[in-house]
Amino acid sequence: MASPRVVLITKADCHLCEDARDAVSRVTASLGLEWSEELVDNQPELRERYAEEIPVVLVDGVQRDFWKIDEARLARVLQRALAQ
């Protein structure tokens, strides 16, 4: 079983992104999962797609949350993904 792929999309100088990093880190650590971060600053296609929603959390390529990350919801999504 593959672990869910968790990606946090952020941009430079973003206070919400700092909070999102902390939230994603806490949730993934509690489940023993890794996560990665992608900056939109040098990726025009990401910047255009998520311009007004950053930070954004993707799980297996599906947008699951943005702006303020709901840790309980993210944990539920990841637990469901792990159970499959």
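Structure: see above.
Below or above, wherever it landed, is the structure these notes cover. Keep in mind it's a predicted model, so treat the numbers as computed, not measured.

**Topic: the nonpolar core**
For soluble globular proteins, nonpolar side chains are generally found buried alongside one another.
So, step 1. Val-24, Val-57, Val-59, Ile-69, Leu-74 and Leu-78 are the most contacted members of the largest nonpolar core, which has 14 residues in total.
So, step 2. For this core, the secondary structure elements donating two or more residues are strand S1 (6-10), helix H1 (15-30), strand S3 (56-59) and helix H3 (71-83).
So, step 3. If we ignore the near neighbours within four places in the chain, the residues touching Val-24 are Val-6, Leu-8, Trp-35, Val-57, Ile-69 and Leu-74.
So, step 4. Within the second largest apolar cluster, ten residues are counted, among which are Cys-17, Val-40, Ile-54 and Leu-58.

**With respect to H3**
So, step 1. Taking 1.5 Å as the rise per residue, H3 with 13 residues should run 18 Å; its terminal C-alpha atoms sit 18 Å apart, in good agreement.
So, step 2. Among all positions of H3, only Leu-74, Ala-75, Val-77, Leu-78 and Ala-81 are buried. The buried side chains of H3 occupy one side of the element, clustering within an arc of 165 degrees when seen end-on.
So, step 3. Buried positions along H3 lie against S1, H1, S3 and strand S4 (62-66).

**Digging into the sheet that holds strand S2 (residues 36-39)**
So, step 1. Across the sheet, which stays open at both edges, the four strands sit in the order S2-S1-S3-S4 with mixed pairing between neighbours. Edge positions in the sheet fall to S2 and S4, since each of these pairs with one other strand and no more. Mean inter-strand twist for the sheet, computed between neighbouring axes without regard to direction, equals 30 degrees.
So, step 2. Two strands pair when backbone bridges link them, and S1 and S3 are joined in this way by four bridges, in the antiparallel orientation. For Leu-8, the partnering residue across the bridge sits in S3 and is Val-57.
So, step 3. Across the sheet, H3 lies against S1, S3 and S4, angled at about 15 degrees from S3, the strand it touches most.

Cut-offs applied
Residues numbered from 1 in each chain as written. Predicted model: local features only at pLDDT ≥ 70, side-chain atom pairs only at ≥ 80, totals over all residues. Heavy atoms only, no water. Core = buried A, V, L, I, M, F, W, Y, C linked by side-chain atoms within 4.5 Å. Buried < 20%, exposed > 50% of the residue type's maximum accessible area, 1.4 Å probe, protein only. Helix = DSSP H or I, 4+ residues; strand = E, 2+ residues; numbered from the N terminus. Contact = heavy atoms within 4.5 Å. Expected span 1.5 Å × (residues − 1). Arc of directions from axis to C-beta. Pairing = 2+ DSSP bridges. Axes fitted to C-alpha atoms, helices over the stretch in contact; angles between N-to-C directions.

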